[in-house]
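Architecture at a glance
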Amino acid sequence: MTTLTPPIHPPSTPPATPSRAASAPPVPYRSIRATKGFSALNLGEIFHYRDLLVTLAIKDIKVRYKQTALGIAWVVIQPLIAAVIFSFVFGKVANISTGPIPYIVFSFASFLAWNLFSGIVTRISTCLTNNSHLISKVFFPRLVLPLSTVPTFFLDFTICLGVLAAFIIPNLNNIHLGLPLLLFPVWIALLTLLAVGLGIYFAALNVTYRDVQYIVPVAMQMLMYASPIAYPSSVIENQKPYLQALFHLNPLTNLLEGFRWSVLGSAPPHWGWALYSTAVTIAIFFLGALIFKRMERKFADII
């Protein structure tokens, strides 16, 4: 008797399925490299953090004159006192002529532009060390900090501009306003660019060398007397040519002359030197920004 055994079939195996790793999409990655040249000036990144910039600017405006008896009146008192002192020293004692423009109006307009420039440079130069707690703990473009200080000085400038208008209106017979007034925003923009460019360079340097915070105010004081604030550029017309050239090498010279030309109708700036001042201003701004961005990576480590 034979026994029939059923045929042995190999066990069925499920159809092969693709591995999870093979079916998953490729994992994205981000490559971080040090930027060089003008690519380091990522203005889009500043725009991305615009809310932080606005918040810091509002905070700076609120804190500036907090717990002061006179408050925002100091914005007008400071340049007004300086203009009165300069009117006596340079207008009466030194007898410097400003033409048909009253000296008090001339000096107040000069201090209006100078305070915008020097205020931005001085405040920006210490903005990083004053906010070291933010830099060492939170990531954000460090350029936001210096830029957030600028609106405060624009507010001060706008208030003082109203006082300057009050000085100009009674003297309209001697002050002739016209088409030069259209270039008023250009001079303000150039003064601001120059101040920001110098300020961010000093701010980056101040992180490593704290001596900068003591040097900048002294340098600003010396620069004030080397610039045509208390006197017009015409006072050096009779000087030797190399002294005139040295005087105009200061980019502030023709920017201040251009500002007074727009708001007071005084003598126009020397246009050749005005183009030089414009080129130097733009160069200083971009050079300061590039140096700032290059040193930025070390701020959190050494601040």
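For the structure given in this document, a descriptive report is provided here. Every chain's residues receive numbers from 1 upward, in the order its sequence appears when written. Where totals are concerned, whole chains, interfaces and linings use all residues; where local detail is concerned, this predicted model gives features only for residues with pLDDT of at least 70, and gives and counts side-chain atom pairs only at 80 or more. Side-chain figures throughout are based on the complete set of non-hydrogen atoms in the structure, without hydrogens or water.

Bringing the packing of helix α4 (residues 74-93) against helix α9 (residues 150-168) into the picture now. The N-to-C vectors of α4 and α9 enclose an angle of 55°; their axes lie 9 Å apart at closest approach. In this view, α4 runs oblique relative to α9, as classed from their interaxial angle. Judged by the twist between their axes, the crossing of α4 over α9 is right-handed. Between α4 and α9, the residues in contact are Val75, Val76, Pro79 and Leu80 and Asp156, Ile159, Cys160, Val163 and Phe167, respectively. The nonpolar class holds Ala, Val, Leu, Ile, Met, Phe, Trp, Tyr, Cys and Pro. Asp, Glu, Lys and Arg form the charged class, and all remaining residues, Gly among them, are polar. Within the contact of α4 with α9, the residues separate by chemical class into eight nonpolar, no polar and one charged. Lines fitted to C-alpha atoms define the axes here, with helix axes fitted over just the stretch in contact, and angles between the N-to-C directions of these axes take values from 0 to 180 degrees. Here a strand is any run of E in DSSP of at least two residues, a helix any run of H or I of at least four, and the numbering for each starts at the N terminus. Our angle categories are set so that under 35 degrees counts as roughly parallel, over 145 as roughly antiparallel, 65 to 115 as roughly perpendicular, and the remainder as oblique. It is the rotation of the near helix from the far one that decides the hand of a crossing: anticlockwise by less than a right angle makes it left-handed, clockwise makes it right-handed. Contacts are residue-level and defined by heavy atoms, with any inter-residue pair within 4.5 Å sufficient.

We describe a pair of aromatic rings using the distance from one ring centre to the other and the angle between the two ring planes. Aromatic rings from Phe, Tyr and Trp, taking only the six-membered ring of Trp, are treated as a pair when their centres fall within 6.5 Å; an angle between ring planes under 30 degrees marks them as stacked, one over 60 as edge-to-face, and anything in between as tilted. The tally for this structure, following the rule as stated, stands at 16 aromatic pairs. For the ring pair Trp273 and Tyr276, a centre distance of 5.4 Å and an interplane angle of 90° mean the geometry is edge-to-face. Of this pair, Trp273 and Tyr276 are both found in helix α14 (residues 271-296), three residues apart, which corresponds to roughly one turn of the helix. Residue Trp273 is classed as partly exposed on the basis of its relative accessible area of 23%. Note on Phe292 and Phe299: the rings are 5.4 Å apart at their centroids and 70° apart in plane angle, and the pair reads as edge-to-face. The same class applies to Phe292 and to Phe299, which are both buried. An aromatic cluster is defined as three or more aromatic residues linked by ring pairs; in this entry it consists of Phe86, Phe90, Phe111 and Tyr225. Lysine and arginine charges are scored as sitting over a ring when NZ or CZ, respectively, is within 6 Å of the ring centre and within 35 degrees of the ring normal. Lying over the aromatic face of Phe47, Arg50 brings its terminal NZ or CZ to 4.2 Å of the ring centre. Above the ring of Phe140, the side-chain terminus of Arg142 is found at 4.9 Å from the ring centroid. Exposure classes here rest on a 1.4 Å probe applied to the protein chains alone. A residue is buried below 20% of its type maximum, exposed above 50%, and partly exposed in between.

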